[in-house]
Number of protein chains: 2
Amino acid sequence: MKNRLKVLRAEHDLTQAQLAERLNVSRQTINAIEKGKFDPSLPLAFKAARLFKLSIEDIFQDEE
Amino acid sequence: MKNRLKVLRAEHDLTQAQLAERLNVSRQTINAIEKGKFDPSLPLAFKAARLFKLSIEDIFQDEE
DNA sequence: ACTAAAAGTAAAATAAACTTGACTTTAACT
DNA sequence: AGTTAAAGTCAAGTTTATTTTACTTTTAGT
């Protein structure tokens, strides 16, 4: 699962810590997701989509 | 998190077991998701979206 | 070069998703 | 009424997401 979080953060001028705070998760969770260590839960993906006003598919891309 | 799996199954004439098989999860997982016991993982949500040719948002709805 | 903020990483613990196996209930059919 | 497929449920176990704490590395500024 790839994602555009890093770019979206840059566009919105947010640090990992700030994004984490907005999404109510830990900074390490954001880092791990950006680094591809694991996938976010569906609720977290929805929160990110809502925050950036994008669809989940715009942010996260399946790689099958 | 609500979802339209039951209706989509009906539209496609699939049992929980058949849907489970198509998505490579157990029948109990489909049942639990339909019953709202837990949310699917993001990868599973993507698989369902691909199968039904819908967006994740079309199948699963956040309730915040 | 020094500093500070940000990012990266890792281990241990908890929570949530998912499996397996087994059993009960519901719906439909004959 | 008896049978069967599908749906519902539950407990115990495994895997994956997430937290917390803590430390290291990178980046940018002075």
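In the block above lies the structure referred to throughout.
Described in the following lines is the structure provided in the data block. These figures come from a predicted structure and were not determined experimentally. (Residues numbered from 1 in each chain as written. Chains lettered and ligands numbered in written order. Predicted model: local features only at pLDDT ≥ 70, side-chain atom pairs only at ≥ 80, totals over all residues. Heavy atoms only, no water.)

1. Thoughts on the overall build of chain A
Part 1: When helices and strands are counted, chain A shows five helices and two strands.
Part 2: Order of helices (α) and strands (β) in chain A, N terminus to C terminus: β-α-α-α-α-α-β.
Part 3: In summary, chain A has a C-alpha radius of gyration of 10 Å against a globular reference of 11 Å for 64 residues, a match within 12%.
Part 4: Projected onto the principal axes, the alpha-carbon positions of chain A cover approximately 30 × 25 × 20 Å.
Part 5: Classification of the 64 residues of chain A by burial places 39% in the buried group.
Part 6: Sequence separation of at least 24 residues holds for 51% of the intrachain contacts in chain A that already meet a minimum separation of 6.
Part 7: When the accessible area of chain A is evaluated, it comes to approximately 3,800 Å², of which 46% is carbon and sulfur surface. (Helix = DSSP H or I, 4+ residues; strand = E, 2+ residues; numbered from the N terminus. Rg over C-alpha atoms; globule rule 2.2 N^0.38 Å. Buried < 20%, exposed > 50% of the residue type's maximum accessible area, 1.4 Å probe, protein only. Contact = heavy atoms within 4.5 Å. Areas by Shrake-Rupley, 256 points an atom, 1.4 Å probe, with all protein chains shown as cover.)

2. Brief notes about the relation of the copies chain A and chain B
Part 1: Mapping chain A onto chain B calls for a rotation angle of 180 degrees and an axial translation of 0.0 Å; the resulting RMSD is 0.0 Å. Taken together, these values place the two copies in the relation of a two-fold axis. The C-alpha atom lying nearest the rotation axis in chain A is that of leucine 42 of chain A; the distance is 2.4 Å.
Part 2: Interface overlap between copies is the fraction of interface residues in one copy that are interface residues in the other; for chain A against chain B it reaches 100%, indicating a shared surface. (Least-squares fit on C-alpha atoms with pLDDT ≥ 70 in both.)

3. With respect to the pattern of salt bridges
Part 1: Summed over the entire model, instances satisfying the criterion amount to four salt bridges over all chains.
Part 2: Aspartate 62 of chain B serves as the salt-bridge partner of arginine 50 of chain A, at 2.6 Å between the closest nitrogen and oxygen. Here arginine 50 of chain A is found in helix α4 (residues 42-52), whereas its partner aspartate 62 of chain B is found in the segment after β2 (60-61) on a different chain.
Part 3: According to the relative accessible area criterion, arginine 50 of chain A is partly exposed, its value standing at 45%.
Part 4: We note a salt bridge from glutamate 34 of chain B to arginine 9 of chain B, for which the minimum N-O separation is 2.6 Å. With glutamate 34 of chain B in helix α3 (residues 27-34) and arginine 9 of chain B in helix α1 (residues 5-12), this pair connects stretches of sequence that are 25 residues apart. (Salt bridge = Lys/Arg side-chain N within 4 Å of Asp/Glu carboxyl O.)

4. Quick word on the protein's contact with DNA strand D
Part 1: The environment of DNA strand D is formed by 20 residues, the closest being Gln28, Thr29 and Phe38 of chain A together with Gln16 and Arg27 of chain B.
Part 2: Each atom of DNA strand D within 4 Å of the protein was classed as base or backbone; sugar and phosphate made up 63%.
Part 3: With respect to DNA strand D, the side chain of lysine 35 of chain B contributes an N or O atom lying 3.4 Å from a phosphate oxygen.
Part 4: Those elements that place two or more of their residues in the surface near DNA strand D are α3 (27-34) of chain A together with α3 of chain B.
Part 5: The dominant element in the surface near DNA strand D, judged by the number of residues it contributes, is α3 of chain A, at four residues.
Part 6: For the surface near DNA strand D, the residue count by class is five nonpolar, nine polar and six charged. (Near = heavy atom within 4 Å. Polar contact = N/O pair within 3.5 Å; in protein donor to acceptor, adjacent residues only side chain to side chain. Nonpolar A, V, L, I, M, F, W, Y, C, P; charged D, E, K, R; others polar.)

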